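# Structural overview for review
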Amino acid sequence: MEHLFWRGSSPLLRRKFFGTFLAAQQFLAPLLSRSPTASAHVRASASPTAASSLPGSEGAALSGGCVPRRYLSGSGFNVPPSAQFVARPVGVCSMMRLPVQSSAQGLDAAFVGVPLDIGTSNRPGARFGPRHIRAESVMVRTYNPSTGAAPFHSLRVADIGDVNVNLFNLRDSCRQIREAYQKIVAAGCIPLTLGGDHTITYPILQAVVEKHGPVGLVHVDAHTDTGDEALGEKICHGTPFRRCVDEGLLDCKRVVQIGIRGSSYTLDPFRYNQDKHVSDSGSQTFSPLVLQQGFRIVPAENCWLKSLVPLMGEVRQQMGAKPIYISFDIDALDPAYDPGTGAPEIAGLTPAQALEIIRGCKGLNIVGCDLVEFAPIYDASGNTAIMGANLLFEMLCVLPGVKTI
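Residues numbered from 1 in each chain as written. Predicted model: local features only at pLDDT ≥ 70, side-chain atom pairs only at ≥ 80, totals over all residues. Heavy atoms only, no water.

### Some words on the overall build of the chain
Tallying secondary structure elements over the chain gives twelve helices and ten strands in all. Among the 405 residues that make up the chain, the fraction classed as buried is 52%. Partitioning the contacts of the chain with sequence separation of at least 6, the portion at a separation of at least 24 is 74%. Total accessible area computed for the chain in this model is approximately 17900 Å², and 57% of it derives from carbon and sulfur atoms. (Helix = DSSP H or I, 4+ residues; strand = E, 2+ residues; numbered from the N terminus. Buried < 20%, exposed > 50% of the residue type's maximum accessible area, 1.4 Å probe, protein only. Contact = heavy atoms within 4.5 Å. Areas by Shrake-Rupley, 256 points an atom, 1.4 Å probe, with all protein chains shown as cover.)

### Let's talk about helix α11 (residues 351–359)
Those residues of α11 that sit buried are Gln 353, Ala 354, Ile 357 and Ile 358. For α11, the angular spread of buried residues about the axis comes to 135°, placing them on one side. In this structure, the buried residues of α11 make contact with β4 (215–220), β5 (250–260), α10 (309–319), β9 (323–329) and α12 (383–397). (Arc of directions from axis to C-beta.)

### Comments concerning the environment of Asp 197
Positionally, Asp 197 belongs in the loop between β3 (190–195) and α8 (201–212). Along the backbone, Asp 197 and Pro 124 are 73 residues apart, and their C-alpha atoms lie at a distance of 8.8 Å. Discounting residues that sit within four places of it in the chain, Asp 197 has contacts with Leu 116, Asp 117, Ile 118, Gly 119, Thr 120, Ala 126, His 237, Val 372 and Glu 373.

### A short note on the packing of helix α6 (residues 129–136) against α12
Contact geometry of α6 with α12 gives a least axis separation of 8 Å together with a crossing angle of 80°. With respect to their mutual orientation, α6 and α12 come out roughly perpendicular. Two secondary-structure elements touch here, α6 through His 132, Ile 133 and Glu 136 and α12 through Ala 385, Ile 386, Gly 388, Ala 389 and Leu 392. Taken together, the residues of the contact of α6 with α12 break down into five nonpolar, two polar and one charged. (Axes fitted to C-alpha atoms, helices over the stretch in contact; angles between N-to-C directions. Parallel < 35°, antiparallel > 145°, perpendicular 65-115°, else oblique. Nonpolar A, V, L, I, M, F, W, Y, C, P; charged D, E, K, R; others polar.)

### Brief notes about α6
Of the residues making up α6, those classed as buried are Gly 129, Pro 130, Ile 133 and Arg 134. Along the long axis of α6, the arc covered by the buried residues comes to 130°, so they all point the same way. Tucked inside the fold, the buried residues of α6 contact β1 (109–114), β2 (157–162), β3, β10 (365–372) and α12.

### Digging into the confidence of the model for the chain
Counting all residues, the mean pLDDT for the chain is 84, and 76% of those residues have values of 70 or more. Of all secondary-structure elements in the chain, the lowest mean pLDDT belongs to helix α5 (residues 56–63), at 34, while β9 reaches the highest, 99. Confidence over residues 1–9 falls short of pLDDT 50; this stretch has twelve contacts with residues more than four positions distant or in other chains. The model gives residues 12–73 a pLDDT under 50, and that stretch makes 63 contacts with residues more than four places away or in other chains. (pLDDT = per-residue confidence, 0-100.)

Next up, the structure:
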C-alpha cells in the first residue's frame, strides 16, 4: 500500500504529508520518550521498506528507529499493538493485527483461515468467515485478566493467512487443506483455525493425526456431525466425525460433544452412536449419552441454567494427558447471541458457558483448535464475528505453555 501511495502521489501531496508527519513527531517525541512501549508501537506502524525508497530527509524521517518486524517486542514475541497508541483501523487486516507470515516456521501457534463453505447443506456464506473474524478481532486485547493468561508473552504467534481451496471441488479442497496443515504441524506449530464450514475439521485432523496419533476431541456444536452421507455424498459438513471414526483419527473413548440439540428426521437421531443412557451417579454431574463409538454426548438440555465448570472437570479426567483437539461450531450457541451461522438451532448455550468450556480445557494437551460455521452475511451487526474472535483468543489462552500472571 505504501509503495502505491508514493508512486501515485504528487510532490506537493508528499510535502504536505511529511509536514504533518514531522509536526506530529515533534509533538509526540516527549511523550514517547517516557513510554518505550508506545514508542515501539508507533515506530512499528511505519514501513521501513517504503521509507528507505524515499529521497533525503523524507526517507530518514520514516525509517529512523524502525524495527524490521511489525510489532516485535524486545523479548522476541509478537505482541499486538495497543489501541492506546495505534488506531484500530490502521494496518493490514490480520488476526488481532498480529504480524503476517507466509509459513508456520518459527511459530508456537498460528491463526490460519480456511474460507470454504461448499460443504454446507443449508445457508452458505462461511467462506467469508475468516476475513470478518479478522476484521472484528481488533477489539481483542493482549491479556486475559479473568484467567491471568498472557499468551503473547508466552508463545510466538502470528497470522499465516488462508489455505487455498477449490470452490468447485470439495474433495480437492480437502486435499489442499490436509497438505497445508501437514506443513503447519510438521513445523511444530499449533493451528488455530478460522472457518469455514465444519467439513474442514476432517482434513485438518488427517494432518494432525499423522504427527500425534489418534486424538481426543472436545466438540462443541448443536449437531453431532456424524451422518454417513447427504445427497449421496460422503463428505460434507454433517459427516466429518463419521469419516474421522472410519479412518481411526479419533481416540473414541476421549470424545465429548457438548450442546447437541434440535429436531431430527427420526425419533432416534443417535442410532449410529447411542449405546446406552448412563444415569446420574457418584461424581457424574451431567447425565451423558455414551455412544457405540465411545463418544459422550451432553445435550443442550443438560446444560440449561447450569454452570459447566463441573462438566469440564469430568471432561479433563476423560481426556487425560494425551493429545486433544478442540472443534467449536458457532451454532452451539443460541442464535440470540450469534445469528451469523448457516444452521441455527434454538435453546443453545450461552457465551458464558462457551467460556467455561474453553477455559475448562486449560491444562490439557491441546494440539489444535478451530472455530467454524460463522457466516457473516446473516449478522450485519458483526456480533457473531466478535464472538468468534474472542473464542479463538480464549483457545489461544489455554494452549500448552501459556503462562498466567
